[in-house]
Amino acid sequence: MLRAGPLALAAPAVAVLLVFFVAPLTAFAVYSLLTGAFYEVSGPLTLDNYREAVESPLHRTLARNSLLVGLFAAVASVVFALPIAYWLRYTRSRWRMVVMFLIIASFLASYLVRIYAWRTILGSNGLINSGLDQLGVIDDPLTFFLYNRFAVTVALVHIYLPYVVLVLYAGLAPLSPAYLEAAQDLGAGRWQRWRRVVLPVAAAPVASAFLFVFVLSAADYVTPQFLGGTSGGLLGVIIQQNMTAQGDYALGAAIAFSMLGAFLALYGVVALALRLTRLDRLRFVS
Amino acid sequence: MTGPGRSGLAGAFTVAGVVFLWGPLLVVVLFSLHSTAALSFPFRGFSLRWYEEIFSSAEVRSAAENSLIVATATAATTLVLGTLAAYGLTRTSSRARGPLALLFFLPITLPGLFIGTALLVAFARIEVTLSLATVAAAHLVYVFPFFFLIARAALDRLDPALEEAAADLGAGRWLVFRRVTLPQVWPVLVGAACLAFALSFDEFIITFFVIGPDSTLPMFIWSTLRRTIDPSINAISTLLLLFTLLLFVVTFALTSWSERRRRGSAEPLVVPALKDAP
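Rules used throughout
- Residues numbered from 1 in each chain as written.
- Chains lettered and ligands numbered in written order.
- Predicted model: local features only at pLDDT ≥ 70, side-chain atom pairs only at ≥ 80, totals over all residues.
- Heavy atoms only, no water.
- Helix = DSSP H or I, 4+ residues; strand = E, 2+ residues; numbered from the N terminus.
- Buried < 20%, exposed > 50% of the residue type's maximum accessible area, 1.4 Å probe, protein only.
- Contact = heavy atoms within 4.5 Å.
- Areas by Shrake-Rupley, 256 points an atom, 1.4 Å probe, with all protein chains shown as cover.
- Lys, Arg positive; Asp, Glu negative; His and termini not counted.
- Charge placed at Lys NZ, Arg CZ, Asp CG, Glu CD.
- Phe/Tyr/Trp six-rings, centres within 6.5 Å; stacked < 30°, edge-to-face > 60°.
- 1 Å grid on protein atoms, 1.4 Å probe; cavity = no way out; pocket = protein on both sides within 12 Å on 5 of 7 lines; lining within 4 Å.
- Points joined across faces, edges and corners; volume = space filled by probe spheres on them.
- Axes fitted to C-alpha atoms, helices over the stretch in contact; angles between N-to-C directions.
- Parallel < 35°, antiparallel > 145°, perpendicular 65-115°, else oblique.
- Left-handed = near helix turned anticlockwise from the far one by under 90°.
- Nonpolar A, V, L, I, M, F, W, Y, C, P; charged D, E, K, R; others polar.
- Buried area = accessible area lost by both parts, 1.4 Å probe.
- Salt bridge = Lys/Arg side-chain N within 4 Å of Asp/Glu carboxyl O.
- Polar contact = N/O pair within 3.5 Å; in protein donor to acceptor, adjacent residues only side chain to side chain.
- Core = buried A, V, L, I, M, F, W, Y, C linked by side-chain atoms within 4.5 Å.
- Patch = residues over 30% accessible without salt bridge, like charges linked within 9 Å, V, L, I, M, F, W, Y side chains within 5 Å.
- Expected span 1.5 Å × (residues − 1).
- Bend = angle between axes of the 7 residues up to and from the residue.

**As for the overall build of chain A**
The number of helices and strands found in chain A is twelve helices and two strands. Overall, chain A shows an N-to-C arrangement of helices and strands of α-β-β-α-α-α-α-α-α-α-α-α-α-α. Dimensions of chain A, computed from C-alpha atoms along their principal axes, come out at roughly 80 × 70 × 40 Å. When each of the 286 residues of chain A is scored for burial, the buried share is 54%. In chain A, once contacts between residues fewer than 6 apart in sequence are set aside, the share between residues at least 24 apart is 69%. Summed over all atoms, the accessible surface of chain A reaches about 13,100 Å², with 66% contributed by carbon and sulfur. Mean positive and mean negative side-chain charge positions of chain A (19 and 12 charges, respectively) differ by 19 Å.

The structure is reproduced here in structure tokens:
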């Protein structure tokens, strides 16, 4: 009798992912090469959607916004998260588990609630303005907080920071305090320990966290709708509109896959940079 | 003594981080108890009127019920499929192991927008009517990698000698799984299923594309946010926050309890799971 190996246990999951993940994405890719209108697509195969996806001035503006917001959000998250991850890894404070709990728990706080909270805080009638008004600091509300790229970036950092902290913390896990003590004993100051010991170890997780935040931020379509106003729109919004109100599935697909292409290119650049600096092959002797 | 961990600057960042993460959420909680509709200072006193409003709303109730149905279906399916997949992959030396692990991880790397739009197109193509079932299928794709990474990390770290010993003593494969493997990992699996539940319960980005005429709690919040500034959103948000927090406490407690039992450390399994991610 033929006995199926343990691998057969994975078959149901494989089937589900093929049906609900791989097949739809493949169909979506094919759609990007057809002509779309009124929620239907028709042949023949064409690259026109890609031409429009790349050449339209509106798409270019939104792509620039996506790039800027993605970069700012990713850099800010990593810079903010690195010291936090460092503290979580090496502190002997009894608050360590509490902070860990608070950070992981905030990861699960509702996405929409966070966006809503920032609108409440940054709005022209919001907490910052009404607070400053009460204190007599300002007479007219400050409007530069909301409905622009800044507001979108702040909310995105808020959404992804906990995840970045956890990734960096996991990345520092193999670097036991003994390494840092050894560096200290050998005369390395605080700055040198960071530059020569912590940062090389953190490089690969930093790169993966950076890409994660960049990709999710650049493709976000909800945050810019509520916080972005006219200057903070992102590419995700136009994809969503093509897939819903506009009904042009083909163009929506072409913009989405152009964006995916850009993401893959960025991924390639980051991976290459890690390889050239040999930071991708650090090994720990245990 | 000044050890390398004594960095005041890192501590300051940590405090700032916790304040930044929790401050805005606490603002929402505070204003859910505000006695007026104003979402600005000065604060005019406490009241439960917004909670009364949402508890008497049929729309909120049906949205919450739908969210519960979808999240339960998603978490239960993920628990079964994910456990099978993680067990299968950790107990084989087949060359298909690497590619399959990649497939199971892949949905995490893609923004929800792509998963949602691709599924929208696919469901339209094969003429499947959008409903809570299509939402649950989409959520399954979204939460599966999270569950799989945690389950695999837990199963990977078991001592294989125990399973081998049981098999040598004549236990069949199912008996080994049920009597040797499962008792060691069930807290982590249940914890990861709670995480799957919480992720599904709050999902909006993908849901938006595949839901059809029904509503879920995030869909309700979204449509309310678009229409007006309605202070009852604060109350819904607060309850949502408390609910996911509760789920998270269960996850955290189960995974760190099982870790402590295993090796005396209380690291929740989320951390090693992240480390194993490709």
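**Points about the packing of aromatic side chains**
The description of two aromatic rings rests on the distance between their centres and on the angle between their planes. All chains considered together, the criterion is met by 30 aromatic pairs over all chains. Their ring planes at 55° and their centres at 6.3 Å tell us that A:Phe20 and B:Phe123 sit as a pair that is tilted. Taken together, the positions of A:Phe20 in helix α1 (residues 11-31) and B:Phe123 in helix α5 (residues 112-125) put the pair across two chains. With centroids separated by 5.5 Å and ring planes inclined at 35°, the aromatic side chains of B:Phe204 and B:Trp222 adopt a geometry described as tilted. With B:Phe204 in the loop between α8 (173-202) and α9 (207-210) and B:Trp222 in helix α10 (residues 217-227), this residue pair connects regions lying 18 residues apart in the sequence. An identical accessibility class is assigned to B:Phe204 and B:Trp222; each is buried.

**Here's the deal with empty space enclosed by the protein**
Here the structure, examined in full by the defined rule, presents three cavities of 30 Å³ or more. One number sums up the size of the largest cavity: a volume of about 580 Å³. Looking at the largest cavity, it is lined by 26 residues, and the ones nearest its centre are A:Tyr111, A:Tyr160, A:Leu216, B:Tyr142 and B:Ile205.

**Overview of the packing of helix α4 (residues 97-109) of chain B against helix α6 (residues 132-156) of chain B**
All names here are of chain B. With their axes 7 Å apart at the nearest point, α4 and α6 run at an angle of 125° to one another. The angle between α4 and α6 falls in the class oblique. Here α4 and α6 pass one another in a crossing that is left-handed. Contact residues: α4 offers Ala101, Phe104, Phe105, Pro107 and Ile108, while α6 offers Val141, Phe144, Pro145, Phe146, Phe148, Leu149 and Arg152. Its residues assigned to classes, the contact of α4 with α6 shows eleven nonpolar, no polar and one charged.

**Here's the deal with the interface of chain B and chain A**
Opposite the 94 residues of chain B that make contact, chain A presents 92 residues. With both chains or domains summed, chain B and chain A bury close to 8,300 Å², and 80% of this area falls on carbon and sulfur atoms. Summed over the shared surface of chain B and chain A, the number is zero salt bridges. Here chain B is connected to chain A by seven residue pairs in polar contact (both at pLDDT 80 or more). When residues in the side of chain B that touches chain A are grouped by element, the largest group, 15 residues, is from helix α1 (residues 8-32) of chain B. Among the residues forming the side of chain B that touches chain A, the class breakdown is 68 nonpolar, 17 polar and nine charged.

**So, the side chain of B:Ser232**
Residue and element names in this part refer to chain B. Tracing the backbone shows Ser232 in helix α11 (residues 232-263). When its relative accessible area of 6% is taken as the criterion, Ser232 is described as buried. When residues no more than four places from it in sequence are discounted, the contact partners of Ser232 are Trp50, Glu53 and Ile54.

**Looking at the nonpolar core**
Counting residues in each nonpolar core, the largest one holds 190 residues, and the members touching the most others are A:Tyr221, A:Val222, A:Leu227, A:Phe263, B:Phe104 and B:Phe114. Tallying contributions element by element places helix α7 (residues 149-172) of chain A first for this core, with 17 residues.

**Thoughts on unusual backbone geometry**
Residues and elements named next belong to chain B. The phi dihedral of Glu127 falls on the positive side, at around 55°, and the residue is not glycine. Looking at the secondary structure, you find Glu127 in the loop between α5 and α6. The exposure class of Glu127 is exposed, given its relative accessible area of 70%.

**A look at a nonpolar patch on the surface**
A cluster of nonpolar residues, A:Leu18, A:Val19 and A:Val22, forms a patch on the protein surface that exposes about 220 Å² of accessible area. Counting through the fold element by element, A:Val22 comes out in helix α1.

**Here's the deal with the side chain of B:Thr117**
Structurally, the position occupied by B:Thr117 is in helix α5. Apart from the residues lying within four places of it in its own chain, the contact partners of B:Thr117 are A:Phe28, A:Ile239, A:Met243 and B:Phe209.

**Describing the packing of α1(A) against helix α3 (residues 58-90) of chain B**
Put simply, α1(A) and α3(B) touch, their axes get as near as 7 Å, and they point 120° apart. Packed against α1(A), whose contacting residues are A:Pro12, A:Ala13 and A:Val16, the element α3(B) presents B:Leu81, B:Leu84 and B:Ala85 at the interface. Among the residues forming the contact of α1(A) with α3(B), the class breakdown is six nonpolar, no polar and no charged.

**Considerations on helix α3 (residues 57-90) of chain A**
Along its 34 residues, α3(A) runs 49 Å from first to last C-alpha, staying within 8% of the 50 Å computed at 1.5 Å per residue. A bend of about 30° at A:Ala81 is the largest found in α3(A), and the proline A:Pro83 appears one to four places after it.

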